[in-house]
Amino acid sequence: MTIECAVVGGGIIGLAVGEELARSGHEVVVYERDRVGETCAAAVAAGMLAPAAEVDTTPPATTALALESHRLYPEWVARLESLTGLPTGFDRSGTVVVALDADDLRELVHLEEAQRRVGFETRRLSREEARALQPSLGPAVVGGLLLSHDWQVDPRRLLTVLVGALRRSGGRLEEGRAVERIDWGDGCWRVRFRDGEAVAARRVVVAAGAWTRHVPLPGIPPFPIRPVRGTVLRLGASLESTYVVRTPRVYVVPRAHGETVVGATAEERGWAREALAGGVFELLKESRRALPCIDEMPLAEVATGFRPAIRDGVPLIGPVDDAATLLVAAGHYRKGVELAPITAALVRAAVEGGEHPLAPTVDPRRFGRG
Ligand code: GLY
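Residues numbered from 1 in each chain as written. Predicted model: local features only at pLDDT ≥ 70, side-chain atom pairs only at ≥ 80, totals over all residues. Heavy atoms only, no water.

In this section: the overall build of the chain. For the chain, the helix and strand inventory stands at seven helices and 18 strands. A compact globule built from 370 residues would reach a C-alpha radius of gyration of about 21 Å, and the chain, at 21 Å, matches this within 12%. In terms of overall dimensions, the chain has a C-alpha envelope of 70 × 40 × 40 Å along the principal axes. Contacts in the chain between residues at least 24 apart in sequence constitute 73% of all its contacts with a sequence separation of at least 6. Accessible surface, the chain as shown: approximately 14,900 Å² in total, 50% of it carbon and sulfur. Positive and negative side-chain charges of the chain, numbering 45 and 48 respectively, have mean locations separated by a distance of 2 Å. (Helix = DSSP H or I, 4+ residues; strand = E, 2+ residues; numbered from the N terminus. Rg over C-alpha atoms; globule rule 2.2 N^0.38 Å. Contact = heavy atoms within 4.5 Å. Areas by Shrake-Rupley, 256 points an atom, 1.4 Å probe, with all protein chains shown as cover. Lys, Arg positive; Asp, Glu negative; His and termini not counted. Charge placed at Lys NZ, Arg CZ, Asp CG, Glu CD.)

Here it is, written out as C-alpha cells:
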C-alpha cells in the first residue's frame, strides 16, 4: 500500500502541516520519533507570538512570514479549538517591554523605530502605565512599550489540540517511529524506520526541527540547520495579569492557569540537554529585577529544548525536487510556534500546485541542491 503523504516529525510544524493537509482531503500520516511533546522544541517553548518585539533581531523575510502567520492565527486557533473542544491558551492581552535603566530606555527607542518602519503600532508607557497593565511589575521598572499585537499561545496545549484536530480530520499519527532512511524507487518514496519496517509514500514532508539535517535523504546535501539550546523555567503561580513581560534580556509569559514561563537562554552546545546552573541563575536574576514576586513562586520545571537554527535565519519551506514529491518545513529557529499556520499554508500550496506569494523567500533550494 502506498500512502499519499508521509510527514516526518510530530512537533508543532509537522502536526500543523499534517492537520492542514488532512483537513484539505489528503491522506496523511505523521511519523514522530518519540512521543508527541517529549523532545520537540515546542514542548519547551513559551509560546510568544511576537512579530513586533523580535523585529530588530529577525531577518525581514522571516518578519514577513510572521506577519502573515499573525494574520492567520486567530482563525486558525478558533478552528482547531472548535474542532476538538480543547483550549490552546491563545491570549491577545499583549506584551509590555520594560526598561530597567537608562540603557534599556535607549534600546526601547531603537526597538520602537524598527517596529514603526515595519508598520507596527506601539505605545510608549510610563512606569505607572506599565504597572497598570501588569501590576506584578516592580519598582525597578522605569518605562516601557506596549505591543498590543504580540500575543501568546500555550504550545503544550497547542500540540495536544493539533493531534486531536489531525485525527478528527482523518489524518493519522504514529509515535515511536524513528526514521532510518528515505529512498526513492519505483515511482515513490520508501520511508524506512529503525525498527526495520518501511512505508511507501507518494510524497514526504520532512519537518524534524533541529534534527532535520540528520534525516538521511540520499543525494541531497544536509540542510544548514543546527540545534541552539534554550533553557526555559516554569514557575507554579500566575502574575497579576496575562500581559507578557519582556526586558532586553529575558521574557516572562504569564498563563491564566497558575503558571509563569521564564525564558530563555540561547546556547551553542550541540545536543547536550542538561541545563546549566549559570543559565538558570541569569533567567531568575533578570526576571526578578522586573517582577520581584517571582522570588515567592515555586520553581516547577527547568527544561531545555533545541531550536532549529538556520544559517540565514529564514526557514526552509517547500519542495526540494521539481515534482514536489519531497518537501521540507524546518529551520524556524525561535519562531516555530509563531510560524506554524503560515508554514502549513505554504506546504499545502506546494502540495496542491498553487503559487503562494511568500514561497520564493523560503525556497529550500536557495542553499544549492539542499
Ligand atoms: N521564541 C523565543 C525563544 O526562542 O526563546
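To continue, consider the pattern of salt bridges. It is possible for side chains bearing opposite charge to pair when their charged atoms get close. Applying the stated criterion across every chain, the model contains 36 salt bridges. Across the salt bridge formed by Arg 177 and Asp 195, the nearest N and O atoms sit 3.3 Å from each other. Of this pair, Arg 177 sits in the loop between strand 8 (172–175) and strand 9 (179–185) while Asp 195 sits in the loop between strand 10 (188–193) and strand 11 (198–206), placing them 18 residues apart in sequence. We classify Arg 177 as buried; its relative accessible area is 11%. A residue is classified by how much of its surface remains accessible, and Asp 195, at 48% relative accessible area, is partly exposed. For Asp 183, the salt bridge is made with Arg 181, and the minimal N-O distance between the two is 3.1 Å. A residue is classified by how much of its surface remains accessible, and Asp 183, at 17% relative accessible area, is buried. The exposure class of Arg 181 is partly exposed, given its relative accessible area of 37%. (Salt bridge = Lys/Arg side-chain N within 4 Å of Asp/Glu carboxyl O. Buried < 20%, exposed > 50% of the residue type's maximum accessible area, 1.4 Å probe, protein only.)

Below, the discussion takes up the site of the ligand. The immediate surroundings of the ligand are formed by Met 48, Tyr 251, Ala 264, Arg 307 and Arg 334. A distance of 2.5 Å separates an oxygen atom of the ligand from a polar side-chain atom of Tyr 251. A distance of 2.7 Å is found between an oxygen atom of the ligand and a side-chain nitrogen or oxygen belonging to Arg 307. A per-class count over the shell around the ligand returns three nonpolar, no polar and two charged. (Near = heavy atom within 4 Å. Polar contact = N/O pair within 3.5 Å; in protein donor to acceptor, adjacent residues only side chain to side chain. Nonpolar A, V, L, I, M, F, W, Y, C, P; charged D, E, K, R; others polar.)

Direction vectors running N to C along helix 1 (residues 12–23) and helix 7 (residues 340–351) enclose 50°, while the axes themselves pass 8 Å from each other. Considered as vectors, helix 1 and helix 7 are oriented oblique to each other. Relative to helix 7, the crossing made by helix 1 is right-handed. The segment helix 1 lies against helix 7, with Ile 12, Ile 13, Ala 16, Val 17, Glu 20, Leu 21 and Arg 23 engaging Ala 340, Thr 343, Ala 344, Val 347, Arg 348 and Val 351. (Axes fitted to C-alpha atoms, helices over the stretch in contact; angles between N-to-C directions. Parallel < 35°, antiparallel > 145°, perpendicular 65-115°, else oblique. Left-handed = near helix turned anticlockwise from the far one by under 90°.)

Ranked by size, the top nonpolar core spans 48 residues in total, and within it Tyr 73, Trp 76, Leu 158 and Val 347 carry the most contacts. Counting only elements with at least two residues in this core, the list comes to strand 1 (2–8), helix 1, strand 2 (28–32), helix 2 (60–84), helix 5 (155–168), strand 18 (326–330) and helix 7. Once residues lying within four places of it in the same chain are set aside, the contact partners of Trp 76 are Ala 16, Leu 158, Leu 162, Ala 340 and Pro 341. One finds Val 8, Leu 217, Val 328 and Ala 330 within the second-largest nonpolar core, a separate group that totals 29 residues. (Core = buried A, V, L, I, M, F, W, Y, C linked by side-chain atoms within 4.5 Å.)

Looking now at the environment of Met 1. Along the polypeptide, Met 1 turns up in the segment before strand 1. Relative accessible area serves as the criterion here: at 83%, Met 1 is assigned to the exposed category. For the pair formed by Met 1 and Leu 67, sequence separation is 66 residues and the distance between their alpha carbons is 40 Å.

Another aspect to go through is the packing of aromatic side chains. With the rule as written, the count across this model stands at eight aromatic pairs. Seen from their ring centres, Tyr 31 and Phe 193 are 4.9 Å apart, and the 50° between their planes marks the pair as tilted. Separated by 162 residues along the polypeptide, Tyr 31 in strand 2 and Phe 193 in strand 10 bring together distant segments of the chain. The exposure class assigned to Tyr 31 is buried, which follows from its relative accessible area of 2%. (Phe/Tyr/Trp six-rings, centres within 6.5 Å; stacked < 30°, edge-to-face > 60°.)

With twelve residues, helix 1 should cover 16 Å at 1.5 Å per step; its first-to-last C-alpha distance of 16 Å lies within 8% of that length. The buried fraction of helix 1 is high, at eleven of twelve residues. Every buried residue of helix 1 is accounted for by Ile 12, Ile 13, Gly 14, Leu 15, Ala 16, Val 17, Gly 18, Glu 19, Glu 20, Leu 21 and Ala 22. Positive backbone phi, at 95°, marks Gly 25, one or two positions downstream of helix 1. (Expected span 1.5 Å × (residues − 1).)

Take helix 3 (residues 102–118) next. Spanning 17 residues, helix 3 covers 25 Å between terminal C-alpha atoms, matching the ideal 24 Å at 1.5 Å per step. Among all positions in helix 3, only Asp 104, Leu 108, Leu 111, Glu 112, Ala 114 and Gln 115 are buried. For helix 3, the angular spread of the buried residues around the axis is 165°, confining them to a single face. Opposite the buried face of helix 3, by more than 90 degrees, sit the exposed residues Asp 103, Arg 106, His 110 and Arg 117. Elements that come into contact with the buried residues of helix 3 comprise strand 4 (95–99), strand 5 (123–125) and strand 6 (143–147). Just past helix 3, the residue Gly 119 takes up positive phi, approximately 100°. (Arc of directions from axis to C-beta.)

Our focus in this paragraph is the environment of Met 48. Structurally, Met 48 can be placed in strand 3 (residues 48–49). Residues Met 48 and Ala 329, spaced 281 residues apart in sequence, show a C-alpha to C-alpha distance of 20 Å. Residue contacts for Met 48: discarding those within four places in its chain leaves Glu 54, Trp 151, Gln 152, Val 244, Arg 246, Tyr 251, Val 253 and Glu 338.

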